[in-house]
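Here is what each chain is made of, one letter per residue.
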Amino acid sequence: KQCISMARDEEGFDYPQLTSPETCINCGLCEKVCPINVTFPVKVEQKAFCAVTKDYSIWRRSASGGAFSEICRAWGDDKTLVVGAAWDGLYVHHVGIVGVENIKPLCNSKYVSSHIEDTFCEIRDYLKKGKVIFCGTPCQVSGLRSFLRKDYDNLLTIDLICHGVGSPAVFEACTRAISKQAGTPLKSYSFRAKRKVHETDYLTLLTFDNRSEYVTQDPYIQLFLKQTCLRPSCGENCKYRGRNKRPGDFTIADFKGLTKVFPDLLGTKKNYSTIVANSEKALSIIPQLGRQMEMRQVSIEDVVKFNPLFDRHTWFSEDRDKFFAEFEKDEDGTIGKWTEGFVVNNETMKFVRKILIKVIK
């Protein structure tokens, strides 16, 4: 009935509001399909894998081993609608892209709350004529499945081992702080950017008008990793923690503890993905994935041991409420108070020094 819209609260998170009460018919469907009231327990014996793509170009554009891209390639085709989080400047939202060869904008990690917008309606309509792949946080996957109210053979869902999602308003304030410190407007931001280092880390690529810089511990990452700016429904309030509570056909993440599980990979030049198959549909795709990726089966216990958020929740910072109380009064001042200046990566500094030497000569 189009009587509900999303509105930002004081912490910068979107929540549904009844904005057109005159059109509401009091059907209660919004409560029935709200993901907080619906669960999708795993019904098969899960299988877990450590995997990396055989395609170097896919690995380069991915946060870890290329699991998302390769799952899309294994199941989809040039007419498949793939829906995932993408950047629009410094704004993160879900978009639909037709054709699995065109999904580069959906790759890599985004640790800020992504705006779903009208993609659920787009997916519902597209399912009448073709395949759809949806990737998002577990609560977003659950939200889609609840919205659709039935399972579709031509829908494949992928959820993430999620740390939680941060406030878009906090992210916006952090980008202003970065621009101020850099002395020039920030144009684009890339979490978990890859350079010559081939390990999982939180390296950020910042792009300005006239240059790009790799940095470590930018203001937003500092707050995010300390669980200071997470959504209230994350942390210990998340209902999707637990190996048997995964709503996606697949669960994907970094493969942590790589050389401890596989000592023979010590010195490898690539990082790997975790892939967990949670449904019969996902299990049926594994043979094709095996042709596209180097895959090693692992136990669920290994996944839990080195990436425990697969099976348990994280915690909020003890200072979370204090941070947001200050943030509501003075956004930019609070970012400066609660974070340290970002650190330019050493590789970038070496490059800068080389340029300076050439200029001096």
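Remember, it's a predicted structure, so these values are computed and weren't measured experimentally.

Draft legend 1. Molecular detail of unusual backbone geometry. One non-glycine residue, Gln2, lies in the positive phi region at around 60°. Inspection of the secondary structure assignment puts Gln2 in the segment before strand E1 (4–8). What makes Gln2 exposed here is its relative accessible area of 73%. Located in the positive-phi region is Asn108, a residue other than glycine, with phi close to 75°. As for its position among the elements, Asn108 is in the loop between strand E5 (91–98) and helix H4 (119–126).

Draft legend 2. Main features of the packing of aromatic side chains. Scanning the model with the defined rule gives 20 aromatic pairs in all. Ring centres of Trp87 and Tyr189 lie 6.0 Å apart, and the angle between their planes is 50°; on these two criteria the pair is classed as tilted. In this pair, Trp87 sits in strand E4 (residues 81–88) while Tyr189 sits in strand E8 (residues 186–190), placing the two residues 102 residues apart along the sequence. The class of Trp87 is partly exposed, set by a relative accessible area of 24%. Looking at Tyr189, the relative accessible area reads 3%, which means it is buried. Residues Trp87 and Phe191 carry aromatic rings whose centres are separated by 5.9 Å and whose planes lie at 20° to one another, so their mutual orientation is stacked. Of this pair, Trp87 sits in strand E4 while Phe191 sits in the loop between E8 and strand E9 (203–208), placing them 104 residues apart in sequence. Taken together, the ring pairs in this structure connect Trp87, Tyr111, Phe171, Tyr189, Phe191, Tyr220 and Phe224 into an aromatic cluster.

Draft legend 3. Just empty space enclosed by the protein, in detail. Counted under the stated rule, the structure contains 2 cavities of 30 Å³ or more. In this structure, the second largest cavity encloses a volume near 30 Å³. As for the second largest cavity, its lining consists of Asp254, Phe255, Lys256, Thr274, Asp302, Val303, Phe306 and Asn307. Residue contributions to the lining of the second largest cavity peak at 3 residues, all from helix H10 (residues 300–306). Grouping the amino acids of the lining of the second largest cavity by side-chain chemistry returns 3 nonpolar, 2 polar and 3 charged.

Draft legend 4. Seen up close, the nonpolar core. Counting 32 residues, the largest nonpolar core has Val170, Tyr189, Tyr220 and Phe323 as the members making the most contacts within it. If you tally residues by element for this core, the top one is helix H6 (residues 168–182), at 7 residues. If we ignore the near neighbours within four places in the chain, the residues touching Phe323 are Val170, Leu223, Thr228, Cys229, Thr334, Ile335 and Trp338. Listed in part, the 28 residues of the second largest apolar core include Phe49, Ala86, Leu106 and Ile285.

Conventions we followed
Residues numbered from 1 in each chain as written. Predicted model: local features only at pLDDT ≥ 70, side-chain atom pairs only at ≥ 80, totals over all residues. Heavy atoms only, no water. Helix = DSSP H or I, 4+ residues; strand = E, 2+ residues; numbered from the N terminus. Buried < 20%, exposed > 50% of the residue type's maximum accessible area, 1.4 Å probe, protein only. Phe/Tyr/Trp six-rings, centres within 6.5 Å; stacked < 30°, edge-to-face > 60°. 1 Å grid on protein atoms, 1.4 Å probe; cavity = no way out; pocket = protein on both sides within 12 Å on 5 of 7 lines; lining within 4 Å. Points joined across faces, edges and corners; volume = space filled by probe spheres on them. Nonpolar A, V, L, I, M, F, W, Y, C, P; charged D, E, K, R; others polar. Core = buried A, V, L, I, M, F, W, Y, C linked by side-chain atoms within 4.5 Å. Contact = heavy atoms within 4.5 Å.

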